[in-house]
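Remarks on the overall topology
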Amino acid sequence: MSTCTLEVPGRAPIQFELDPTLSVLDSASKAGWELPHSCRRGNCESCRVQVLEGEVSPAASDGTALLCVSRACGDLRIAADRAEPVNTSQRKTVQAKLYRLRMAAPDVAVIDLRLPAGVKAPFKAGQYLQLHLPGAEPRSFSMSNAPKSADSVQLQVRVLPGSLFGEKVLPTLQPGDPVTVELPFGDFYLREGPAPVILVAGGTGFAPMQSILEDALIKQRDRSFTLYWGARKADGLYALEQVRKWQQKFSNFQFFGVLSNDDSDCSMRQGMVHEAVLADHPNLSQHQVYVCGAPVLVNAARQAFVQRCQLPAGHFYADSFAAANAPCALGPAPIPSVTATV
Ligand SMILES: Cc1cc2nc3c(=O)[nH]c(=O)nc-3n(C[C@H](O)[C@H](O)[C@H](O)COP(=O)(O)OP(=O)(O)OC[C@H]3O[C@@H](n4cnc5c(N)ncnc54)[C@H](O)[C@@H]3O)c2cc1C
């Protein structure tokens, strides 16, 4: 079996075995290491790393590789911005029940699911689940509730024209109906430390931010949290009531709404949401930045914050809301199967 040596700033080199049947990302996960990733289809760029030695398939033409769709051809040495221990044995597949469904905006559904009595599925604020649909790719949705009791989850789902879950399945669901979910996934959660936190959400990218803020604002009163939430139009900021409550209650919380295609509300800023951050924070060298939303937002924010505002690449955390049915860039990538079913 081949070995991967992983170099991460500030850590001793990490070594793990490469399973030839898995992507490098999944080999790392199997060995207990979570590397940055989101879409698992080679589209969102979150898992791109430097290949320092060895070869991957497909070949790393520019010295970099997308780990979610790359397999190793022998021993490998790669450099990533960060790597964190993960325990995939905590991941569970659960038959939850729909408890409540409401529309928060014309195209945003808020879904509350309850787990079976006695079943707990712990997660970290900011992580996501996979919703299983018969005969289709699982759909990824971030939990929007704080993980207090671990026996319920809330999702905020954009209902897109032609979408399978949002437009076809969701309207048929009644309270009490079963919904199969697998959780938790992802490395999008708040890191410890005193660094001021900037959260940048596009549309339903607000969902994991709500989870993080509900969890952290109470516990970390000395830390500064600034939320930038962008949408095309005012009704896309579908949870402003909740945001205003945080503003009233927590002096360490600041909020900026940013509209790209609507100048009717003068309390909101105009333009692209990451550009509002650039205007306010020319130097991000001391911050942690968390970004969630469409891949185009995540990629633009990563590039701008790291290259123009001195944000250390390892302090940029993101989930890229790539569509489940987007074409896979480089062929199928398997998903780890270390999961308990409840
Ligand atoms: C880690 C992660 C977390 C996420 N969290 C959230 C979340 O909290 N909330 C949220 O709303 N979304 C989230 N997403 C995005 C969500 O998983 C996808 O948008 C998912 O595809 C939605 O499933 P659906 O069945 O409703 O829509 P789908 O049927 O998958 O359709 C989604 C979009 O793709 C378009 N489409 C349909 N067919 C095709 C095709 N053949 N080729 C290209 N495009 C097509 C549709 O028109 C629509 O715009 C997340 C994604 C990831 C990776």
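Computed from a prediction, not measured in an experiment: that's the story for all the values here.

Criteria and cut-off values
Residues numbered from 1 in each chain as written. Predicted model: local features only at pLDDT ≥ 70, side-chain atom pairs only at ≥ 80, totals over all residues. Helix = DSSP H or I, 4+ residues; strand = E, 2+ residues; numbered from the N terminus. Expected span 1.5 Å × (residues − 1). Buried ≥ 20, exposed ≤ 12 C-beta atoms within 10 Å, placed from the backbone. Arc of directions from axis to C-beta. Contact = placed C-beta atoms within 7 Å. Axes fitted to C-alpha atoms, helices over the stretch in contact; angles between N-to-C directions. Parallel < 35°, antiparallel > 145°, perpendicular 65-115°, else oblique. Left-handed = near helix turned anticlockwise from the far one by under 90°. Nonpolar A, V, L, I, M, F, W, Y, C, P; charged D, E, K, R; others polar. Pairing = 2+ DSSP bridges. Core = buried A, V, L, I, M, F, W, Y, C linked by C-beta atoms within 7 Å. Near = placed C-beta within 6 Å. Domains from an automatic or database assignment. pLDDT = per-residue confidence, 0-100.

**A short note on helix α6 (residues 295-308)**
- Counted at 1.5 Å a residue, the expected span for α6 with its 14 residues is 20 Å, and the 19 Å between its end C-alpha atoms agrees.
- For α6, the complete set of buried residues consists of Pro295, Leu297, Val298, Ala301, Arg302 and Phe305. Looking straight down α6, one finds its buried side chains confined to an arc of 160°; they lie on one side. Within α6, the exposed residues directed more than 90 degrees away from the buried face are Val296, Gln307 and Arg308.
- Here the buried face of α6 lies against β16 (197-202), α5 (273-280), β20 (288-293) and β21 (316-320).
- Of the residues trailing α6, Gln310 is marked for its positive phi of about 60°.

**What about the environment of Ser29?**
- Looking at where Ser29 falls in the secondary structure, it is placed in helix α1 (residues 24-30).
- Separated by 59 residues in sequence, Ser29 and Thr88 place their C-alpha atoms 7.5 Å apart.

**Considering the packing of α5 against α6**
- For the pair α5 and α6, the least separation of the axes is 9 Å and the interaxial angle reads 15°. Classed by the angle they form, the pair α5 and α6 counts as roughly parallel. For the pair α5 and α6, the sense of crossing is right-handed. In this structure, α5 contributes Val273, His274 and Leu278 to the contact, and α6 contributes Leu297, Ala300, Ala301, Ala304 and Arg308.
- Of the residues that constitute the contact of α5 with α6, the class distribution is six nonpolar, one polar and one charged.

**Details of the sheet that holds strand β18 (residues 253-259)**
- Across the sheet, six strands lie side by side as β19-β18-β17-β16-β20-β21; this open sheet has parallel pairing. Both edges of this open sheet fall to β19 (269-270) and β21, since each of them pairs with a single strand only.
- Pairing between β20 and β21: five bridges, direction parallel. Within β21, the residue paired with Gly293 across the bridge is Ser320.
- Sheet contacts for helix α3 (residues 206-219): β16, β17 (225-231), β18, β20 and β21; angle to β17, the most-contacted strand, approximately 160°.

**What to know about the nonpolar core**
- Formed by 67 residues in total, the largest nonpolar core has its most connected members in Leu129, Leu199, Val200, Val289 and Val291.
- Take this core: its biggest share by element is six residues, from α3.
- Discounting residues that sit within four places of it in the chain, Val291 has contacts with Val200, Leu297, Val298, Ala301 and Ala318.
- Judged by nonpolar contacts, the second largest core, of 23 residues, contains Trp33, Leu35, Val51 and Leu66.

**Describing the site of the ligand**
- As a structural note, the neighbourhood of the ligand is formed by 27 residues, with Ser140, Arg158, Ser163, Phe165 and Gly166 the closest of them.
- Sorting the residues of the shell around the ligand by element identifies β13 (139-142), β14 (152-158) and α2 (164-169) as the ones contributing at least two each.

**Topic: the sheet that holds strand β2 (residues 14-18)**
- With mixed pairing, the five strands of this open sheet are ordered in space as β2-β1-β8-β4-β6. Every other strand in the sheet has two partners, leaving β2 and β6 (64-66) as the edge strands with one partner each. The mean angle between the axes of side-by-side strands here comes to 35°, regardless of whether they run parallel or antiparallel.
- Two strands pair when backbone bridges link them, and strand β1 (residues 2-7) and strand β8 (residues 76-79) are joined in this way by four bridges, in the parallel orientation. In the sheet register, Cys4 faces β8, and the bridge partner there is Leu76.

**Observations regarding the domain arrangement of the chain**
- According to the domain assignment, the chain consists of domain 1 (2-85), domain 2 (90-186) and domain 3 (197-311).
- When each unit is reduced to the centre of its C-alpha atoms, the spacing between domain 1 and domain 3 is 30 Å.

**Focus on the confidence of the model for the chain**
- Overall, the predicted model of the chain reaches an average pLDDT of 92, with 95% of residues at or above 70.
- Below a pLDDT of 50 lies the segment residues 332-342, which in the model reaches 28 contacts outside its immediate sequence neighbourhood of four places, other chains included.

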